Amino acid sequence: MSQHAWPETEPTEVHATAGDARLAVDLNGGGLRALTVGAWDVLDGYAPGEVPSGRRGGVLLPWPNRIRDGRWTWQGHDLQLDIASTSKPTAIHGLVSAQPWRVLHSEADRVTVGTVVEKRSGYPFRLAAAIDYALSPDRLESTVRVRNAGDEPAPFGVGLHPYLAVGGSEDGDVGTAELELPARTLLVVDGDGLPTGERRPFDGAVGRIGGRSFDDPLTDLVRDDDGWARVRLRGPAGAVELAVDASWPWLQVYSGDTLPVGQRRRSLAVEPMTCPPNAFADAVDLVVLEPGEDWSGTWTLSWSAGE
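This is a predicted model, so every value here is computed, not measured.

Engineer: Talk me through the sheet that holds strand 3 (residues 32-37); I want residue IDs and the actual numbers.
Structural biologist: The strand order across the open sheet formed by four strands is 1-2-3-4, and the pairing between neighbours is antiparallel. The sheet terminates laterally at strand 1 (13-18) and strand 4 (40-41), the two strands that pair on one side only.

Engineer: Describe the environment of Gln 99, naming the residues involved and giving the relevant values.
Structural biologist: Looking at the secondary structure, you find Gln 99 in the loop between strand 9 (90-92) and strand 10 (102-107). Separated by 207 residues in sequence, Gln 99 and Gly 306 have C-alpha atoms that sit 37 Å apart. Those residues within four positions of Gln 99 in sequence are excluded, and the remaining contacts are Leu 27, Asn 28, Gly 29, Thr 115, Val 116, Val 117 and Arg 120.

Engineer: Go over the side chain of Ser 53 with me, naming the residues and quoting the values.
Structural biologist: The residue Ser 53 is located in the loop between strand 4 and strand 5 (58-60) in this model. Within polar-contact distance, the side chain of Ser 53 engages the side chain of Gln 263 at 2.4 Å. Here Ser 53 is in contact with Leu 259, Pro 260 and Gln 263, once residues within four sequence places are set aside.

Engineer: Could you give me a rundown of the side chain of His 161, with the residues and numbers involved?
Structural biologist: The topology assignment puts His 161 in strand 15 (residues 159-161). Under the relative-accessibility criterion, His 161 is labelled buried at 4%. Sequence-distant contacts of His 161, that is, excluding residues within four places in its chain, are made with Gly 54, Arg 55, Arg 56, Gly 57, Gly 58, Leu 60, His 93, Ala 269 and Glu 271.

Criteria and thresholds
- Residues numbered from 1 in each chain as written.
- Predicted model: local features only at pLDDT ≥ 70, side-chain atom pairs only at ≥ 80, totals over all residues.
- Heavy atoms only, no water.
- Pairing = 2+ DSSP bridges.
- Helix = DSSP H or I, 4+ residues; strand = E, 2+ residues; numbered from the N terminus.
- Contact = heavy atoms within 4.5 Å.
- Polar contact = N/O pair within 3.5 Å; in protein donor to acceptor, adjacent residues only side chain to side chain.
- Buried < 20%, exposed > 50% of the residue type's maximum accessible area, 1.4 Å probe, protein only.

Encoded structure:
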């Protein structure tokens, strides 16, 4: 072997196909880089090798959303996570967005990827994580699995960050879409996306989005008889439905108003979450696993093309 070898520089990803549907999973972060059905980008994704803005398609583990000042306490120990910046002193969206994942299993229409969250000063717990993606011509099913790989109880939260696209290509195009959200309660947040302590009733029958902006944590989800809650979004390209099982009591909905010009308000992020913003600090809806214990949650995305 050459003493002057270089690391691989090509983007690493894994694919699944079913009919006209094609899925690309980025092995730098484990998330959804692209989902296309024929010429329709069902997810507003990003190019191979790109570092996506707005955490497009990202896996948010071991916490979704933000933690105020990155500070939290667990069993009497004060812990400090890295913060995004001094101007926005929050720890945001977990630890694995830029972490290598590897393929654990792959077939033509399905793939499983996994990684390990190692202990560190702000999060002294060890987790094994795997995500199963199963694709059919009109549906994607994703199951997130987490195991406590350490030797003491481990608290965590998890979220996903897909941007649903129904035909918008220009800034503001999401305003033409019709939206239905299965939530009855809004967690009020401040300008940094952190809870104020207030909750308000929420009407999920949004209808045409128009100029309405969203960057909202929602809970008290309305569930069908099968126990699943369903978000519906319809636009020129067709209709998409994102559904979550009982493992996901929260949704974050974001209309992309603060994204870079050229990506702003052209799609809608709908983020399944196990817990709200600042959950570590506020001890709200954390999952706590004993050593060797597992957790899993499933969400699906289905689509039908417009006429």
